[in-house]
Amino acid sequence: MSKRSSRKIKLLVVFLLLAVFSMIPSHASAAPAAFFGINAENRYGNDDLATLEQRFIMMEAAGAKSVRTYFLWYKVQPDGNITNPAQWNWSYIDNVVQKAKAHNLEVVAILAGSPKWAISSSYWGSIGSDGLPNYYDYTPLNRQKFVDFAKAAANRYKPGGTLFPDGSWGVKAYEIWGEVNVRPLDYGIGWGGADLYYYAEMLRQSYSAIHGTCSNCIVLNGAIGDDVIPYYPICAYCRDVPIYGVRQFVWQGVNDLYWAIERGNTIDNNPDHYFDVLNVHTYEWKALSKYGPYPDVYPDQIGQLRYEFPDRRWYQHRISKIIESMNYYGDPGKKIWMTETGYVGIDGCIEPGSGDQWFTGCLTPANQANSLSLVFTQYNALVERVFWWQDYDIWYSGGLGIIRADLSPKPAYAKFAQLTGPVISSHSSPYWASYADYLASTLSIAYKTTNLTDSTIKNIKVLSASVTSGVTLSTQTPLTLFPSTIPTSASSSTFTLKYKDPQGGSSFSHIITFEYQDAGGNIRRSNATVSNPPALPTP
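Bear in mind that the values here come from a model prediction, so they are computed numbers and not experimental data.

1. Describing the overall build of the chain
- Regarding its fold elements, the chain presents 10 helices and 22 strands.
- The buried share of the chain, reckoned over its 539 residues, is 56%.
- Taking as baseline every contact in the chain between residues at least 6 positions apart, the subset at least 24 positions apart corresponds to 73%.
- Looking at the chain as shown, the accessible area adds up to about 21100 Å², and 51% of this sits on carbon and sulfur atoms.

2. Quick look at the layout of surface pockets
- The volume enclosed by the second largest pocket comes to roughly 200 Å³.
- The wall of the second largest pocket is formed by 14 residues, among which E106, G170, V171, K172 and R385 lie closest to the centre.
- Considering every element that reaches the lining of the second largest pocket, the biggest residue donor is strand β6 (residues 106-112), with 3 residues.
- Classifying every residue of the lining of the second largest pocket gives 8 nonpolar, 3 polar and 3 charged.

3. So, the nonpolar core
- Formed by 110 residues in total, the largest nonpolar core has its most connected members in F71, L111, Y199, I322, F376 and I402.
- Ranked by the residues each element gives to this core, the list is headed by helix α5 (residues 196-213), at 8 residues.
- Membership of the second largest hydrophobic core comes to 16 residues, among which are I457, L481, L497 and Y516.

4. Description of the packing of helix α1 (residues 49-62) against helix α9 (residues 411-419)
- Look at α1 against α9: their axes get within 8 Å of each other, and the N-to-C directions meet at 45°. Here α9 runs oblique to α1, going by the angle between their axes. From α1, M58, M59, A61 and A62 reach across to α9, where they touch Y413, F416 and A417.
- Looking at the contact of α1 with α9 residue by residue, the class counts come to 7 nonpolar, no polar and no charged.

5. What to know about the pattern of salt bridges
- As enumerated under the stated definition, the model contains 14 salt bridges in all.
- Of the charged contacts, one joins R55 and D391 as a salt bridge, the two residues approaching to 2.6 Å between their closest N and O atoms. Of this pair, R55 sits in helix α1 while D391 is found in the loop between β14 (383-388) and α9, placing the two residues 336 residues apart along the sequence. For the pair formed by R55 and D391, the shared burial category is buried.
- R156 is paired through a salt bridge with D94; the nearest N and O atoms lie 2.8 Å apart. Of this pair, R156 sits in helix α4 (residues 143-157) while D94 sits in helix α3 (residues 91-102), and the two are 62 residues apart along the sequence.

6. A closer look at the environment of Y258
- Structurally, Y258 can be placed in helix α6 (residues 250-263).
- A C-alpha to C-alpha distance of 7.5 Å links Y258 and H273, two positions 15 residues apart in sequence.
- Residues within four places of Y258 in sequence aside, it is in contact with H273, F275, S325, M326, Y329 and D331.

7. What about the side chain of E179?
- Examined against the element boundaries, E179 turns out to sit in the loop between β7 (173-176) and α5.
- The buried category is assigned to E179, whose relative accessible area is 10%.

8. Structural notes on the state of the cysteines
- For the coordinates displayed, the defined rule picks out 1 disulfide.
- A sulfur-sulfur distance of 2.0 Å marks the disulfide that ties C214 to C217. The sign of the S-S torsion, about 75°, decides the handedness of the disulfide formed by C214 and C217: right-handed.
- Classification of C214 as buried rests on a relative accessible area of 4%.
- Judged by relative accessible area, which is 3%, C217 ranks as buried.

9. Some remarks on α5
- The end-to-end C-alpha distance of α5 is 26 Å, a good match for the 26 Å that 18 residues give at a rise of 1.5 Å each.
- Most of α5 sits inside the fold, with 15 of its 18 residues counted as buried.

10. Here we look at the sheet that holds strand β10 (residues 278-281)
- The 9 strands lie next to each other as β8-β7-β6-β5-β4-β14-β13-β10-β9, forming an open sheet whose pairing is parallel. Edge positions in the open sheet fall to β8 (218-221) and β9 (224-225), since each of these has one partner strand only.
- Of the pairings in the sheet, the one linking β9 to β10 comprises 2 bridges and is parallel in character. Paired with G225 across the strands is H281, a residue of β10.
- The sheet contacts of α3 involve β5 (66-72) and β6, and relative to β5 the element is tilted by about 175°.

11. What about helix α8 (residues 365-375)?
- Here α8 has its buried residues at P365, Q368, A369, S371, L372, L374 and V375.
- Those residues of α8 that are buried are in contact with α7 (312-328), β13 (336-341), β14 and α9.

12. Some thoughts on the environment of S428
- Note on placement: S428 falls in the loop between β15 (423-427) and α10 (435-439).
- Judged by relative accessible area, which is 24%, S428 ranks as partly exposed.
- The spatial distance from the C-alpha of S428 to the C-alpha of K448 is 8.9 Å, given a sequence separation of 20 residues.
- For S428, the residues in contact, after removing those within four places along its chain, are I445 and A446.

13. Overview of the side chain of E41
- Structurally, E41 can be placed in the loop between β4 (36-39) and α1.
- The class for E41 is buried, based on a relative accessible area of 2%.
- Here the side chain of E41 touches R43 through a polar contact of 2.7 Å, side chain to side chain.
- Once you skip the residues sitting within four places of it in the chain, E41 turns out to touch R68, T69, Y70, E340, W389, Q390 and Y396.

14. Some remarks on the confidence of the model for the chain
- Across the chain, the average pLDDT comes to 76, with 70% of residues at or above 70.
- Note that pLDDT drops below 50 for residues 286-307; the model gives that stretch 62 contacts with residues more than four away or on any other chain.
- Counting contacts from residues 350-361, a segment whose pLDDT is below 50, to residues more than four positions away or on other chains yields 28 contacts.

Rules and cut-offs
- Residues numbered from 1 in each chain as written.
- Predicted model: local features only at pLDDT ≥ 70, side-chain atom pairs only at ≥ 80, totals over all residues.
- Heavy atoms only, no water.
- Helix = DSSP H or I, 4+ residues; strand = E, 2+ residues; numbered from the N terminus.
- Buried < 20%, exposed > 50% of the residue type's maximum accessible area, 1.4 Å probe, protein only.
- Contact = heavy atoms within 4.5 Å.
- Areas by Shrake-Rupley, 256 points an atom, 1.4 Å probe, with all protein chains shown as cover.
- 1 Å grid on protein atoms, 1.4 Å probe; cavity = no way out; pocket = protein on both sides within 12 Å on 5 of 7 lines; lining within 4 Å.
- Points joined across faces, edges and corners; volume = space filled by probe spheres on them.
- Nonpolar A, V, L, I, M, F, W, Y, C, P; charged D, E, K, R; others polar.
- Core = buried A, V, L, I, M, F, W, Y, C linked by side-chain atoms within 4.5 Å.
- Axes fitted to C-alpha atoms, helices over the stretch in contact; angles between N-to-C directions.
- Parallel < 35°, antiparallel > 145°, perpendicular 65-115°, else oblique.
- Salt bridge = Lys/Arg side-chain N within 4 Å of Asp/Glu carboxyl O.
- Disulfide = S-S within 2.5 Å.
- Expected span 1.5 Å × (residues − 1).
- Pairing = 2+ DSSP bridges.
- Polar contact = N/O pair within 3.5 Å; in protein donor to acceptor, adjacent residues only side chain to side chain.
- pLDDT = per-residue confidence, 0-100.

What follows is the structure in structure tokens.
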């Protein structure tokens, strides 16, 4: 028998295992796995599903545990004459939710987007600053129509609902609209047409409807944003606050929401204020003014705005002021989710004067990674979840994604993975472990793990592997790799996996599922993704 030529594959393996990470450096307690979220906003409800799945694969591999995305009313019920939810068009959202489930990502649903039939015809021709229609942002004339949509969504996607009848999985968190303390800018951001009091009543009705069908679901208010930033100065009306018509800080918006809710709270005097978790957004900008560079300069004092490197005071101050508002309105101890925050990271940066009014200043991808690290380590115990905006650089993301538009990872992606508790493996080139393996077309690849987390892990196992192109994992699973404890920053010994390639010369990709035990005794799982290795030469 003639000797076969050797085969080589260059495999990019990100071997990620989740472990705990200290939320605040001065505290010994660890952030729960669900703390680390990501936005795959899907603002227009038409993201390519194949690309979205690749994004979900990368987010799961990086250790994200939840993903926030739109459930758009106008896509689901485009015809107001069709009132039976069973006849509405849920197919696209079904696909998104099923893909999230397949990649172990909890879904936080943003319920928003008025159909044309539900709003005043005077808004039908409304155009956002991006040149696209934004009538979807405007207030439904009949709040009950939106409430019916919210209830139908919860009925369909809750654990035990239409799509997940066995109750083992489902969508448990629902946001009632987007940023409700700002007027529409681009679609998906603002609350238009009516004041915050009108919204507060819609929130009350939606809260009751969702909890009526799903008692253990979580209802979030439409996010309160930091509205000190005139993204597009030529569009002054875009950022008006519905009550006062002026820009405001996030804690002032929180005050207004509580005020609006309490004005109508005499209906049933609900102590939860019709939301289970307080939902806020903030993006840090540096206001340069005659009063100096302190980040909390008031809007009427702003001279120039520049996107800047992160300032710990920005987050510490905002959270403390938000908590003051919660305490004042009798809501102490309620959890806070920061469902949007982030920093731009663009190759080559954006220099001042480039014509981009949104992201003036310059943050490189490396600086973005450092900023992400700060964001996820600056919150006190009441901040239960933080969601980076956004997962990748879709055209409207302004460079805030941690993955580029071509799905190549930025440094911030690796930083996110490190903070969520990765164990990153190196690996050998494929080799024949024996002459028998050579004859049987069975490749071996050796891996080494390093624990880069702030905690110890143990009992690492390979549970399974899903492999394409007719290639299979020959190694029997489950396979215990390291039953002993691996301290933080310590390397383990190598382990080997074998792959059967009966056709010879195949390109293949696969996902390996791992299991391990964190320092708190919790069992964690994560995936290692091997994607698009070059083909092997045929022997």
